[in-house]
Amino acid sequence: MDVTKVTNKKSLAEMVSERFSMTKKEAAEIIDAVFDEMSDTLAEDGHVEITGFGKFAVKTRASRKGVNPQTGEEIQIAPSRIPGFKASKNLKEKVRSK
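In every chain, residue numbers begin from 1 and rise along the written sequence. In view of the model being predicted, local features appear only for residues whose pLDDT reaches at least 70, and side-chain atom pairs are presented and counted only at 80 or more, with totals across whole chains, interfaces and linings using the full set of residues. As a convention, hydrogens and water are excluded, and side-chain values are obtained from all of the structure's heavy atoms.

**Focus on the layout of surface pockets**
Part 1 of the reasoning: Size it by volume and the largest pocket reaches roughly 350 Å³.
Part 2 of the reasoning: Of the grid points, spaced at 1 Å and generated over the protein atoms alone, those admitting a 1.4 Å probe that cannot get out make up cavities, while open sets with protein on both sides within 12 Å along at least five of seven lines make up pockets; any residue with an atom within 4 Å of a point is treated as lining. Taken together, L12, M15, V16, I30, I31, V34, F35, M38, I50, F53 and F56 make up the lining of the largest pocket.
Part 3 of the reasoning: Counting only elements with at least two residues in the lining of the largest pocket, the list comes to α1 (9-19) and α2 (24-43).
Part 4 of the reasoning: Residues were grouped as follows: Ala, Val, Leu, Ile, Met, Phe, Trp, Tyr, Cys and Pro as nonpolar; Asp, Glu, Lys and Arg as charged; and all remaining residues, including Gly, as polar. Of the residues belonging to the lining of the largest pocket, the class tally is 11 nonpolar, no polar and no charged.
Part 5 of the reasoning: Taken as a whole, the second largest pocket holds about 180 Å³ of empty space. Grid points are joined across faces, edges and corners, and a volume is the space filled by probe spheres set on the points. To qualify as a helix, a DSSP run of H or I must reach at least 4 residues; to qualify as a strand, a run of E must reach at least 2; elements of each kind are numbered from the N terminus.

**Examining the packing of aromatic side chains**
Part 1 of the reasoning: In this analysis, rings of Phe, Tyr and Trp, with Trp reduced to its six-membered ring, are considered paired at centre separations within 6.5 Å, and the interplanar angle assigns stacked below 30 degrees, edge-to-face beyond 60, and tilted for intermediate values. Inspection of every chain in the model, using the stated rule, returns two aromatic pairs.
Part 2 of the reasoning: For the pair F56 and F85, a centre-to-centre distance of 4.7 Å together with 45° between the ring planes defines the contact as tilted. Taken as a pair, F56 in strand β2 (residues 54-61) and F85 in strand β5 (residues 80-87) lie far apart in primary sequence, 29 residues in all.

**Describing a positive patch on the surface**
Part 1 of the reasoning: Put simply, a patch holds well-exposed residues, over 30% relative accessible area, that have no salt bridge, with like charges counted together within 9 Å and Val, Leu, Ile, Met, Phe, Trp or Tyr side chains within 5 Å. Computed with the Shrake-Rupley method and a 1.4 Å probe, the accessible areas treat only the protein chains shown as cover for residues. The term salt bridge refers to a pairing of a side-chain nitrogen on Lys or Arg with a carboxyl oxygen on Asp or Glu at a separation within 4 Å. We score Asp and Glu as negative and Lys and Arg as positive, and we do not count His or the chain ends. We put the charge of a Lys on NZ, of an Arg on CZ, of an Asp on CG and of a Glu on CD. There is a patch of like positive charges on the surface, built from K55, K86, K92 and R96.
Part 2 of the reasoning: Note that K86 resides in strand β5.

**Some details on the sheet that holds β2**
Part 1 of the reasoning: Strands were regarded as paired on the criterion that DSSP finds at least two bridges between them. With respect to topology, three strands assemble into an open sheet ordered β1-β2-β5, the strand pairing being antiparallel. The strands lining the two open edges of the sheet, one partner per strand, are β1 (48-50) and β5. With strand direction ignored, the average angle separating the axes of adjacent strands in the sheet is 30°.
Part 2 of the reasoning: The pairing of β1 with β2 spans three bridges and is antiparallel. Residue E49 lies in a different strand from β2, and its bridge partner there is K55. Helix axes are fitted to C-alpha atoms over the stretch in contact, other axes to C-alpha atoms as well, and angles between N-to-C directions run from 0 to 180 degrees.

As structure tokens, this is what we get:
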């Protein structure tokens, strides 16, 4: 059976609290602050670059034609902004080596 490791904010907080001898609550507050800052930067069309991990940036999807699945009617889908991620060379190499 293939078991996949899952990392979430709770497990990150546990790891940070153990590594830096702080409470889980303090670690969770730090992690929340980091993610809030990243989200705010992206919301303001900024870029987030984490050396050795990757770059986050906002991408714009152009408007396009689509089909309403209920009616089959052709519709125009408005342009939208989405977060994007590009992995660093180091991260790509680490993932490939496993």
